[in-house]
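In case you want the letters, here they are:
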Amino acid sequence: MDRVDAPAEQMTPATDAAADSHQVPQSIDILKIMQSIPHRYPFLLIDKMVEIHAGQSAIGIKNVTVNEPFFQGHFPSHPVMPGVLIVEAMAQTAATLVVMTLGKAFEGKLVYFMTIENAKFRRPVGPGDQLRIHVDKERSRANVWKFKGVARVDDVAVAEATFSAMIMG
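These numbers were taken from a predicted model, which means no experiment stands behind them.

Cut-offs applied
- Residues numbered from 1 in each chain as written.
- Predicted model: local features only at pLDDT ≥ 70, side-chain atom pairs only at ≥ 80, totals over all residues.
- Heavy atoms only, no water.
- Helix = DSSP H or I, 4+ residues; strand = E, 2+ residues; numbered from the N terminus.
- Buried < 20%, exposed > 50% of the residue type's maximum accessible area, 1.4 Å probe, protein only.
- Contact = heavy atoms within 4.5 Å.
- Areas by Shrake-Rupley, 256 points an atom, 1.4 Å probe, with all protein chains shown as cover.
- UniProt positions renumbered as here; feature names shortened; annotations may be inferred.
- 1 Å grid on protein atoms, 1.4 Å probe; cavity = no way out; pocket = protein on both sides within 12 Å on 5 of 7 lines; lining within 4 Å.
- Points joined across faces, edges and corners; volume = space filled by probe spheres on them.
- Pairing = 2+ DSSP bridges.
- Axes fitted to C-alpha atoms, helices over the stretch in contact; angles between N-to-C directions.
- Salt bridge = Lys/Arg side-chain N within 4 Å of Asp/Glu carboxyl O.

## Looking at the overall build of the protein
When helices and strands are tallied, the protein shows 2 helices and 8 strands. Expressed as a percentage of its 169 residues, the buried residues of the protein come to 46%. Sequence separation of 24 or more characterises 64% of the internal contacts of the protein that already satisfy a separation of 6 or more. Counting every atom, the protein has about 8600 Å² of accessible surface; 54% of that belongs to carbon and sulfur.

## A short note on the UniProt feature "active site" in the protein
According to UniProt, the positions carrying the feature "active site" are H74. Tracing the sequence through the fold places H74 in the loop between β4 (57-63) and α2 (83-102). Those residues in contact with H74 that lie beyond four places of it in its chain are P79, V80, M81 and P82.

## Comments concerning empty space enclosed by the protein
Scanning all chains against the criterion turns up 1 cavity of 30 Å³ or more. The volume enclosed by the largest cavity comes to roughly 60 Å³. Lining the largest cavity are A91, A94, A95, V98, V111, W145, F147, F163, A165, M166 and I167. For the lining of the largest cavity, the secondary structure elements donating two or more residues are α2, β7 (144-153) and β8 (156-168).

## Here we look at the environment of Q92
In this fold, Q92 is placed in helix α2. Taking the relative accessible area as the measure of exposure, Q92 reaches 1% and is therefore buried. Taking the C-alpha atoms as reference points, Q92 and I37, 55 residues apart in sequence, are found 7.7 Å from one another. When near neighbours in sequence (up to four residues on either side) are disregarded, Q92 contacts I37, H39, F43, L44, L45 and I46.

## Observations regarding the sheet that holds strand β3 (residues 48-53)
Judged by pairing direction, the sheet is antiparallel, and its 6 strands sit side by side in the order β3-β4-β6-β7-β8-β5 without closing on themselves. Strand pairing shows two members of the sheet lacking a second neighbour, β3 and β5 (110-121), which therefore form its edges. Pairs of neighbouring strands in the sheet enclose a mean axial angle of 20°, with direction left out of account. Relative to β7, strand β6 (residues 130-141) runs antiparallel, the two being bridged by 9 bridges. When the bridges of β7 are listed, R141 appears paired with V144.

## Notes on the environment of N67
Structurally, N67 is set in the loop between β4 and α2. Judged by relative accessible area, N67 falls into the exposed class, the value being 64%. The sequence separation of N67 and P127 amounts to 60 residues, and the corresponding C-alpha distance is 8.3 Å.

## Brief notes about the pattern of salt bridges
Opposite charge on two side chains allows them to pair when their charged atoms are near. Summed over the entire model, instances satisfying the criterion amount to 8 salt bridges. We note a salt bridge from E68 to K62, for which the minimum N-O separation is 2.9 Å. A single burial state applies to E68 and to K62, both of which are buried. A salt bridge links K148 to E160, with the shortest nitrogen-to-oxygen separation between them at 3.2 Å. Taken as a pair, K148 in strand β7 and E160 in strand β8 lie far apart in primary sequence, 12 residues in all.

Take a look at the structure:
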């Protein structure tokens, strides 16, 4: 399996029991994200991932630009990233973490929301902001994973949610 070039000390072993014996890089670029999940423009909402801890947590990065297609209608005179898309970015970060943990056999699989709980939106996100999307696994059983996500801009929480999803094979 092609992995992002990283020194051995920057790789962590996959920790899930279902994972094959592969190493998970601590960061990945957009090409590896697109290999891992099926989302594409305009609905691919993360640009890279950092601080990946196999089977446990990761941070997704979304650079929000004025060229985002949703700003045309939300709202033209005061562009605001829709909160549901921030939650979707959390889910994409989590889905990529799951695929990176479970390995090549899970690349490109569909992951469906099952629940979204306690979603809170603290402040608007607009052009020029960089979302750092922190996801932490709360639990997993078979093909169902539950995560807590917090999106931050400049170290300030802008949104949070707890969500579960099912990976479909």
